[in-house]
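Summary of the model geometry
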Amino acid sequence: MSNVILSLAEIVGENYVSSGEEELYFYARDPGLMPAHKPDWVVVPKTAEEVQKIVRLAKKEKIPLVPMGAGMALTGLIIPLKGGIVVDMKRMNKILEVNEKARYVIVEGGTSHGSLKAYLEKNYPRLRHSIPDSPATATIAANMMIHGQGRLTQQYGFNSDMVTGLEVVLPSGEICKIGSCSISPEWFSKGAPLPDLSGLFLGWFGATGIITKVALRLYPRKKMRDVEIFVTDKEDLVPDIIYELTHTEMAEDIVIFSQPLPLIFKDNHHITIFITGDTDEELEFKRKMLWDALDGFIKSKDGGFMWVQPAMKPILLEMPQRSVSRFADVKKGGGFEYSGPIILVERYPECTRKIVELSSKYDLGYSGMARIIGRGHCMMFGFAFTFNRADPDMMERVRKALHEVSNYALTAGGVFWKPTVDEQRMAIERMDPNTRNLLKMIKKNVDPNGIMNPGNWEVN
Amino acid sequence: MYTLKFDEDLCKTCTTCDCLVMCQYMDLDIDKAKEEIMKISEGEDSFVLQDCVTCYGCEEYCKRGNHPFYLITERREEKDILTSPRAITKQWINIGEPQGKYKVGEIKEKMLSFGFMPEFLRWVKGRLFEDIMPSFIFGQEFFCNVVYIHFANTSIIKERLPMVMDNFRKLGVKEVVCMHDECYGSFASLAPAYGIEVPFKPIHYFEYLYNRLKELGDEVRPLNIKVAYQRPCSSRLSPDKHHFVGDIMKLIGVDLVERRYSNKNSLCCGEVLRMASGYELANDVQKRNMDDMVDSGAEYCVFNCPACYAALAQKVAKKGIKPIHIIGLCRMAIGEK
């Protein structure tokens, strides 16, 4: 096997390959609760051609390959379950092209959300992308691969809906272009009007190929942003409130949270509504529309807009929001994990009751958070629990609570988002048999040797 | 059980009914005002119980010290009439719950009460306070709880305020300089109105500032600027201290501009109105208030209450008026930044 490291070093240079214990320790785990498993090698390529050569080597040697962005998914998607090579994409971080008028950008497969945000702010101040609330180092390609959500998801759907083209290294080692870029120099569509092949890769967690380039839509960046928080103590009213808000089409983003601490948030549901505008007039018009839409709830005293004091606003308007990371340390042990099924907004009341029930049953700190997707077609409801990494008992209780969430989510009609391997199995078992067969057929044909992120989306 | 000291007979013999006639937010003539205050006094329904925006103004307008606003608050609570949405009311009640996170400085016989306003931890500094700091307290354990009259909830005040008094008692202080009108109003007006014993002498911080500036004498230099004063709702609980605004301005060479919405006609900062009843009234009140400041030629808007500051500072700045808290203004006058 020492030939493998020599071969990898020939491809990327000896500084960018390792089988050292320190590297293997780090690349064996993610920040979540999944058990660690060491890879055998770690490699950090710089070009698509290097990725091709790595894949060809793995194919020849039948070695598992695990593509990795920043490793932030929390659900173990980059843990090399069967060892092999972790392909860390972070050196492939170039922003290749921005088409300002067509509003899209092409980036390499390891480019981070933070660097794209900074690049656009500096060079294209009238453009933005849908940045998620994960740490800024999270990579764009990985976020698309897990159907992530971001600040523009309420308006435009999953971040993966915003993809306009892909370049993928297939398990055979061939480079394949997906979308308009397959027959045109322009990367404006991932599918239409052609057969949409992006579905062979998006959502597969690298089990069908490694993304080396991704193009995505950009959107107008307004000069001003502001935030309002509508508060109600009746969870049953939340779906109606969301329906009224989304009907206005005035909100940039809508995020709901409920949590017992700090006390200011106890017993209430907080619907955080972000608005944007190029002028004060535009901003105030949108605000008025939103207030008017909820006037009935205010008059009946069932809800009201809380006073968001100036000191609170910078925290709320931050992108990505650091408050999510702060929540991870509530128990002073840096542990945080959530299960975030995609589910109908009308299920909000029962989701929120479920998280309270589980928090009480397992004696855990919690935060329920929901992001509205596509003007209310569905939402991601995050059942988030915080834990102390130095407390194995607490970690076990979180595992049990999250397992219950998984069972609950399926029975409530939800679909797992970025599922763990166990959740993938549960989903596959529940799947329509013909769909399951199609999934199996695709995987078998695209990756006949089963080397791509093995363990993920495997139909046995 | 603490009960409000309210004399119905005083209202029966009142010839002006200023409590309601002078209201800035409801339109009542003297006959209607008398009819409504008697209904309220006798526990009957009145539209006032629905429409009152909780500006506290009637506590000042009543010349007989009969606490009409506390009565309105009591009656609303008895009848389960919410002033704000339930969730907002709960939120504010939760905010004030003691959590054991209070701060206590080096306590002397005389101390400053920052209540539960974190701004004072930053604002209170310099020579104005050198003879008393770091004798201060901050936190929910010392929070006066008056704000709950905005939410028609005196029960929480009756429950928490005696505990707050116990906390002060344990510190053994004799004089407490209240850095906020609500604290002073709580200790000098509300607590006596309910028969809650106050174990120290409350001092309004305006009085403290005035005396301190006099002590500093020649070090005080006239600022020669024009300011509009944003009077807070809580100042209505201690109208006898309002004169210190003018006294302090005179001492530091500031022209307190004449304007329509000043003194008894002052307007609310608007944010309580926004939480309670929506943006229209709040926007209208804020616009009238700020336009009045602009028309009067004010260069600065001087604030007393940190909440008013948070509500209006950015908005007056957009109108070209500099926002400043009265502590900052006094510090400017003694050459501090």
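Calculation criteria
Residues numbered from 1 in each chain as written. Chains lettered and ligands numbered in written order. Predicted model: local features only at pLDDT ≥ 70, side-chain atom pairs only at ≥ 80, totals over all residues. Helix = DSSP H or I, 4+ residues; strand = E, 2+ residues; numbered from the N terminus. Buried ≥ 20, exposed ≤ 12 C-beta atoms within 10 Å, placed from the backbone. Contact = placed C-beta atoms within 7 Å. Pairing = 2+ DSSP bridges. Axes fitted to C-alpha atoms, helices over the stretch in contact; angles between N-to-C directions. Core = buried A, V, L, I, M, F, W, Y, C linked by C-beta atoms within 7 Å. Domains from an automatic or database assignment. Nonpolar A, V, L, I, M, F, W, Y, C, P; charged D, E, K, R; others polar. Parallel < 35°, antiparallel > 145°, perpendicular 65-115°, else oblique. Left-handed = near helix turned anticlockwise from the far one by under 90°.

A word on the overall build of chain B. In terms of regular secondary structure, chain B is built from 16 helices and nine strands. With respect to the three principal axes, the spread of C-alpha positions in chain B is 55 × 50 × 40 Å. Here chain B, with 337 residues, has 49% of them falling under the buried criterion. A fraction of 76% describes how many contacts in chain B between residues 6 or more apart in sequence connect residues 24 or more apart.

As a further point, take the sheet that holds strand β8 (residues 300-303) of chain B. Hydrogen bonding along the main chain pairs the strands of a sheet, whether they run parallel or antiparallel. Residues and elements named next belong to chain B. Taken in spatial order, the four strands of this open sheet run β7-β6-β8-β9, and their pairing is parallel. With one partner strand each, in any of the chains shown, β7 (254-256) and β9 (322-325) form the two edges of the open sheet. If you compare each strand with its neighbour and ignore which way they point, the axes differ by 40° on average. For strand β6 (residues 225-230) and β8, the ladder comprises four bridges, and the chain directions are parallel. When the sheet's bridge partners are listed, Gln 230 is paired in β8 with Phe 303. Across the sheet, helix α16 (residues 326-333) touches β8 and β9, and the angle it forms with β9 is around 90°.

Within the largest apolar cluster, 228 residues are counted, with the highest numbers of intra-cluster contacts made by Val43(A), Ile54(A), Val87(A), Val214(A) and Cys301(B). In contact with Cys301(B), not counting residues within four places along its chain, are Val227(B), Ala228(B), Gln230(B), Met293(B), Leu312(B), Val316(B), Ile321(B) and Pro323(B).

All names here are of chain B. When cut into domains, chain B gives domain 1 (8-78), domain 2 (99-208) and domain 3 (220-333). Between domain 1 and domain 3, the C-alpha centre-to-centre distance is 26 Å. Each partner contributes residues to the interface: domain 1 has 10 residues there, and domain 3 has 12 residues. A class-by-class count of the residues in the side of domain 1 that touches domain 3 yields five nonpolar, three polar and two charged.

All names here are of chain A. Burial runs high along strand β13 (residues 253-258): six of the six residues are buried. Here β13 shows two buried faces, one formed by Asp 253, Val 255 and Phe 257 and the other by Ile 254, Ile 256 and Ser 258. Bridge analysis of β13 against strand β14 (residues 269-277) gives five bridges, and the strand direction is antiparallel. Each residue of the ladder has a partner; that of Ile 254, found in β14, is Ile 273. The pairing of β13 with strand β18 (residues 365-373) spans four bridges and is classified as antiparallel. From the neighbouring strand, Val 255 faces β18, where its bridge partner is Arg 371.

All right, on to unusual backbone geometry then. Residue Ala192(A) is joined to Pro193(A) through a cis peptide bond whose omega torsion reads 5°. Note that Pro193(A) resides in the loop between β9 (175-178) and β10 (210-217). Residues Met319(A) and Pro320(A) are joined by a peptide bond in cis, for which omega reads -10°. Examined against the element boundaries, Pro320(A) turns out to sit in the loop between α10 (313-317) and α11 (323-327). We note that Lys418(A) has phi near 40°; this positive angle belongs to a residue other than glycine. The residue Lys418(A) is located in the loop between α13 (392-411) and α14 (421-430) in this model. At Asn224(B), a residue that is not glycine, the phi angle is positive and equals roughly 50°. Under the C-beta neighbour-count criterion, Asn224(B) is labelled exposed, with 9 such atoms within 10 Å.

For the rest of this paragraph, the subject is the packing of helix α3 (residues 30-41) of chain B against helix α6 (residues 68-78) of chain B. A pair of packed helices can be characterised by two numbers: the angle between their axes and the separation between those axes. All names here are of chain B. In the contact formed by α3 and α6, the axes pass within 10 Å of each other and the chain directions differ by 55°. Regarding the angle of α3 to α6, the classification is oblique. The chirality of how α3 crosses α6 is left-handed. Of the residues in α6, those touching α3 at Ile 37, Ile 40 and Ser 41 are Pro 68, Leu 71, Ile 72 and Arg 75.

All right, on to helix α7 (residues 86-95) of chain B then. Turning to α7(B), its buried residues are Arg86(B), Ala87(B), Ile88(B), Thr89(B), Gln91(B) and Ile93(B). Packed against the buried residues of α7(B) are β12 (224-232) and β15 (303-305) of chain A together with α9 (154-171) and α13 (271-277) of chain B.

Attention now goes to the interface of chain A and chain B. In this assembly, 20 residues from chain A lie in contact with 19 residues from chain B. Contributing elements (two or more residues each) for the side of chain A that touches chain B: β12, α9 (295-299) and β15 of chain A. No other element matches β15(A), which puts three residues into the side of chain A that touches chain B. Taken together, the residues of the side of chain A that touches chain B sort by class into nine nonpolar, five polar and six charged.

Here we take up the pairing of strand β3 (residues 65-68) of chain A. Every regular strand shows the same layout, with side chains that alternate between the two sheet faces. Residue and element names in this part refer to chain A. Burial along β3 is two-sided: Leu 65 and Pro 67 and Val 66 and Met 68, pointing in opposite directions, are all buried. Across four bridges, the pairing between β3 and strand β4 (residues 85-88) is parallel. Note that in β4 the partner of Val 66 across the bridge is Val 86.

What follows covers the sheet that holds strand β3 (residues 136-138) of chain B. All names here are of chain B. The five strands lie next to each other as β1-β3-β2-β4-β5, forming an open sheet whose pairing is mixed. Since the sheet does not close on itself, it has two edges, and those belong to β1 (103-104) and β5 (201-204), each with one partner. As judged from the two bridges shared by β1 and β3, these two strands associate in the antiparallel manner. Its bridge partner lying in β3, Lys 103 is registered against Phe 138. Each of β2 (110-113), β4 (175-178) and β5 is contacted by helix α10 (residues 181-194), which is oriented at about 140° to β5, the strand it contacts most.

Residue and element names in this part refer to chain A. Within the secondary structure, Leu 290 sits in helix α8 (residues 280-293). Look at Leu 290 and you get buried, because 21 C-beta atoms sit within 10 Å. Those residues in contact with Leu 290, other than ones at most four positions away along the chain, are Glu 228, Leu 245, Thr 248, Met 250, Ala 251 and Ile 273.

Turning to the domain arrangement of chain A, a few remarks are in order. All names here are of chain A. Along its sequence, chain A is carved into domain 1 (2-88), domain 2 (95-220) and domain 3 (224-411). If you average the C-alpha positions of domain 2 and of domain 3, the two centres end up 27 Å apart. Across the boundary between the two partners, domain 2 contributes 13 residues, which contact 15 residues of domain 3. In the side of domain 2 that touches domain 3, the residues fall into five nonpolar, six polar and two charged.

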